[in-house]
Amino acid sequence: MSRPWWQDAVIYQIYPRSFADSDGDGIGDLPGIIERLPYLRSLGVDALWISPFFRSPMVDFGYDISDHTAVDPIFGTDADAQALIDAAHAHGLRILVDIVLPHTSDQHPWFRDAAACRDAPTRDFYVWRDGHLDGGPPNNWAAGFPAGTSAWTWHAGTAQWYLHSHLPQEPDLDWSNPAVRAAQLDVVRFWLDRGVDGVRLDSINRLGKDPAYRDNVAGERSRQQDWPTLHAYLREVRALVDRYPDAVAVGEVWEFDQRRIVPYLAPDELHLAHNFVFARSRFDAAEIRRTVEEFTGMAGPGTWPAWFLGNHDEPRRVTRWSAPRDDDETREARGRLAAMLLLTLRGTPFLYQGEELGLPDTELPEGVGEDGNGRDPQRTPMPWAPPSTAGPGAGFTTGEPWLPVGGTAERLNVTTELQDPGSVLALYRTLLALRRARPSLRAGSQAFLDAPPDVLAYVRADGGERTLVILNFAATTRRIDIGTPALLLLVSTGDAACSGSPIVMGPFSGVVLEAVAS
Ligand code: NOJ
Ligand code: MG
């Protein structure tokens, strides 16, 4: 049997608001993405996951959906969505849409009706409860946003509380209600019928909650997410996805213990899961090895790993992995190491827009920002060209960008980096091309080698092809004796030339080598 496409793919996340603005309103849009498809194709990625572009009051920038099947006018028209799907396919790129199954916006007609009166037909699409005897909310569950607040909001109009795992403007749907499941499966079907190649399922671990709505108890597992009931619901979603040959289901499993992530990857649930344990690893070779080996140790033979180091919710990698005293060069070196790690591990890599440019988080001036939950620094616009020639919109927009472009845009932008063979972008392009050219990097086995402290070394092997990766996470030089025959340098994060054994690895340097059989 041939491998499914998504095991060989690199998936690139587009945050549409900040990718490319075609109409000068300062907000990225779908026609903007269409214009940049040639860039994405030549970058060497295979599929695009596009964060929500559906109709929304934008309190959570599109994750609060008021109509799942209509494009928000900020992003374009329904026809633009179809044009994007078709144009991506014409460029050989697949498209994943981001579907939010566990909640809607409070402006969704289902919720507006539900809130109108207690006997509204969609009242029980959501979770309504009387208050606790003490007059407070029904239980002690906490909302994801804003941190430290209750997951229940009092609705004066109908004198009950409603549940929301995230913002109060994002009421939770009750997935134990078959009518909710049917309605949300219709949404998934709608987009698959439009020709998308897969779905990214937002907050999927929120589908199941303790049906008795009991209080959380400190030190015990949370009762408001990852409840075992959700797996049956997820199987219904998967059964639908399976009716579309080749379609993939990726889930955001917002859990911080890999033992909680792996069950979602059962053969009849998700194909791929975002792994936050890996994404939150420290800059530490031993910790990364432990995480990867723990995952592969727990995963069944059919379970395929996926790795990411950045998205629209997490600080950018270069920032997360840099130390306060790092100069630009050191910060960049750590970022290069991250690139080599992500693109050579066994498993499907996800890249977040701008990661390929080596972007750090943007430091926003006091008082500037839109997200109440501190995620603006990783969401500032994609710099396409230096502001000195393209203006303050850096090629993202001809208007005023909705968030300022990062202060590094003069140096770190697509146009400048494409012209520089030593740029971070050039490294990503090289690594992506290498992954495409070498089956061992995509499909091969992976075995870690014993290595000095702070060094991560592994061999990827497929048939007769062997690829060796060595990453030095230390700020000092390390020597590593591989004891293998002849080695050929394929890619280096810097200008390290390495031949013979022991291999001398400079601070924060990485290499990919071909092990040539003697
Ligand atoms: C996860 C999304 O990635 C995040 O941006 C959003 O705020 C929450 N889910 C709620 O949908
Ligand atoms: Mg626009």
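Cut-offs applied
Residues numbered from 1 in each chain as written. Chains lettered and ligands numbered in written order. Predicted model: local features only at pLDDT ≥ 70, side-chain atom pairs only at ≥ 80, totals over all residues. Heavy atoms only, no water. Phe/Tyr/Trp six-rings, centres within 6.5 Å; stacked < 30°, edge-to-face > 60°. Helix = DSSP H or I, 4+ residues; strand = E, 2+ residues; numbered from the N terminus. Buried < 20%, exposed > 50% of the residue type's maximum accessible area, 1.4 Å probe, protein only. Donors = N, O, S within 2.8 Å, 3.2 Å for Na, K, Ca; no water. Salt bridge = Lys/Arg side-chain N within 4 Å of Asp/Glu carboxyl O.

Colleague: Can you help me understand the packing of aromatic side chains in this one?
Modeller: To describe a pair of aromatic rings, you give the distance between the ring centres and the angle between the ring planes. Considering all chains together, one arrives at 29 aromatic pairs under this definition. On the numbers, 5.5 Å between centres and 65° between planes, the contact of F448 with Y458 is edge-to-face. Note that F448 is positioned in strand 14 (residues 445-448) and Y458 in strand 15 (residues 455-462), a separation of ten residues in sequence. Residue F448 shares its accessibility class with Y458, and that shared class is buried. Through successive ring pairs, a cluster of aromatic residues spans Y12, F19, Y39 and W384.

Colleague: Looking at this structure, I do not really get the coordination of the magnesium ion (ligand 2). What am I missing?
Modeller: The magnesium ion (ligand 2) binds to the protein through D21 (OD), D23 (OD), D25 (OD), I27 (O) and D29 (OD), with metal-donor distances spanning 2.1 to 2.3 Å. Read N to C, the donor residues that coordinate the magnesium ion (ligand 2) are spaced as D-x1-D-x1-D-x1-I-x1-D.

Colleague: Just checking my understanding: could you explain the environment of P178 for this structure?
Modeller: Secondary-structure assignment places P178 in helix 6 (residues 178-193). You can call P178 exposed: its relative accessible area is 52%. Expressed as a C-alpha distance, the spacing of P178 and E332, which sit 154 residues apart in the sequence, is 50 Å.

Colleague: Help me understand the pattern of salt bridges, please; the structure alone is not making it clear to me.
Modeller: Once the charged atoms of two side chains with opposite charge are near each other, the side chains can pair. One pass over the structure, following the stated rule, counts 34 salt bridges. Measuring nitrogen to oxygen at the nearest pair gives 3.3 Å for the salt bridge that ties R411 to E332. With a gap of 79 residues between them, R411 in the loop between helix 13 (387-390) and helix 14 (414-418) and E332 in helix 12 (residues 328-344) connect regions that are remote in the sequence. What emerges from the salt-bridge pattern is a single network uniting D60, D313, D371, R375 and R379.

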